[in-house]
Amino acid sequence: MKLFNQYLIYWRKKMTNNIYLKTNLELFEYLNSQFTNESLFIVDSNLKKLKIDQKINARVSYFEINEETKNLTSVEKIWDLLFQHKLNRSSEIVIIGGGVLLDVCAFASSTFKRGINFTFVPSTLLSMVDASHGGKNGINNIYGKNQIGTFTLPESVIVCYQLLDTLSEDHYKDGLIELIKHGMIASEKIFNSMITKKGFDVDLETIKEGIDVKLKIVSEDFLEGDKRKLLNFGHTVGHLVEKDSNYETTHGQAVAIGIYYELLISKEQLGLPKEIIDSYLNYLNQIEYDYEYNFLSKSEKLIEMLKHDKKSSEKGVDIVLLYEIGNPKVINLTFNEVIEVIQY
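Residues numbered from 1 in each chain as written. Predicted model: local features only at pLDDT ≥ 70, side-chain atom pairs only at ≥ 80, totals over all residues. Heavy atoms only, no water.

A. Representation of the side chain of Thr119 within the structure. One can find Thr119 in strand β5 (residues 117-122). You can call Thr119 buried: its relative accessible area is 3%. Of note is the side chain of Thr119, whose polar atom sits 3.4 Å from the side chain of Ser156. Apart from the residues lying within four places of it in its own chain, the contact partners of Thr119 are Phe35, Ile93, Val94, Ile95, Glu155, Ser156 and Ile158. (Helix = DSSP H or I, 4+ residues; strand = E, 2+ residues; numbered from the N terminus. Buried < 20%, exposed > 50% of the residue type's maximum accessible area, 1.4 Å probe, protein only. Polar contact = N/O pair within 3.5 Å; in protein donor to acceptor, adjacent residues only side chain to side chain. Contact = heavy atoms within 4.5 Å.)

Rendered as structure tokens:
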């Protein structure tokens, strides 16, 4: 217990190293001032148009990846890359990209020679407010999403607002869902600002507030023994949607659907006011997002998927529900109770 408490103190100190920048010019200047030409930058291939390899005084390697290739094969390719560049445990890696690349590279880095330091530069709204913070990383396998992974913290997280200009409208919306999720579980201010805003652009201050929600929760429960489970709101059903659609449904879209169904369960189980559900659906309509999904798999297969959920036990699955905005509760439901709602 003493060692664990010391690790939590170390984590809290380390995770204060979040850097917020407004422009790409500021980003490149900062990176060149902080990292040597011996550092290795692994950059999402979707960002080639930024010509990062011409603006960074270090080794740059572009890497192509998506949710379907978020697997051990990609990890092995990253390992090969690290060996080819003759990296060692004192080397530094900078990962620039979306959540999938951050997850895979962080897992590869945390296991390469038993751990090598890495820094995140999230390039999507989703990865800025969620994937880059908290130390979780992982890959998918035949049993589900993020079934293999570690808890390993980045040295720092550099959030550059202008990188959001590289996103398509759909990918931008994916991040909005994680942001409104943070509002629903912990910040009425974030929730209200998003559902009343015209358009769907968010400013850097709102992004910071969303990040702070996650950091506060994780600082109290790093290894997800209890309170950190609140961050899984919408994800129990959301991961089912992703797996059932063979990952053709984006993570943001799947979580948006998951939140809807978990709000329905919240109304039934905890008496969540219908007005909150209506406000959420109005927001999804505003950003032109679907909230219902027709599952392709039969009940038996869906239950089997739920059993592989990391929050499952023999009796059922832990799921996050709401009494009201900012007042969540983790309860255990039987697998059948979940299936009955999503197949209604």
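Next comes the rest of the write-up.
B. Spotlight on the packing of helix α6 (residues 169-186) against helix α10 (residues 251-270). Their axes nearest at 7 Å, the elements α6 and α10 cross at an angle of 35°. Here the hand of the crossing between α6 and α10 comes out left-handed. Mapping the contact onto sequence places Asp174, Ile177, Glu178, Lys181 and Met184 in α6 and His251, Gly252, Gln253, Val255, Ala256, Ile259 and Leu263 in α10. Of the residues contributing to the contact of α6 with α10, the split by class is six nonpolar, three polar and three charged. (Axes fitted to C-alpha atoms, helices over the stretch in contact; angles between N-to-C directions. Left-handed = near helix turned anticlockwise from the far one by under 90°. Nonpolar A, V, L, I, M, F, W, Y, C, P; charged D, E, K, R; others polar.)

C. Representation of the pattern of salt bridges in the model. Counted by the stated rule, this structure contains 13 salt bridges. Two residues, Glu220 and Lys216, come together in a salt bridge whose shortest N-O distance is 3.0 Å. Pair noted here: Glu220 and Lys216 are both in helix α8 (residues 204-220), with a separation of four residues, about one helical turn. Note that Glu220 and Lys227 form a salt bridge whose closest N and O atoms lie 2.8 Å from each other. (Salt bridge = Lys/Arg side-chain N within 4 Å of Asp/Glu carboxyl O.)

D. View of helix α3 (residues 72-84). Taking 1.5 Å per residue, 13 residues should reach 18 Å; α3 reaches 18 Å between its end C-alpha atoms and fits that length. Taken together, the buried positions of α3 are Ser74, Val75, Ile78, Leu81 and Leu82. Each buried residue of α3 lies within a common arc of 115° when the element is viewed along its axis, so the set occupies one face. Opposite the packed face of α3, turned more than 90 degrees from it, sit the exposed residues Lys77 and Gln84. Next to the buried residues of α3 lie β2 (40-44), β3 (59-63), β4 (92-97), α4 (99-111) and β6 (139-141). For α3, the N-terminal capping position is held by Asn71, with its side-chain oxygen 3.2 Å away from the main-chain nitrogen of Thr73. Among the residues trailing α3, Lys86 stands out with phi positive, at a value near 55°. (Expected span 1.5 Å × (residues − 1). Arc of directions from axis to C-beta.)

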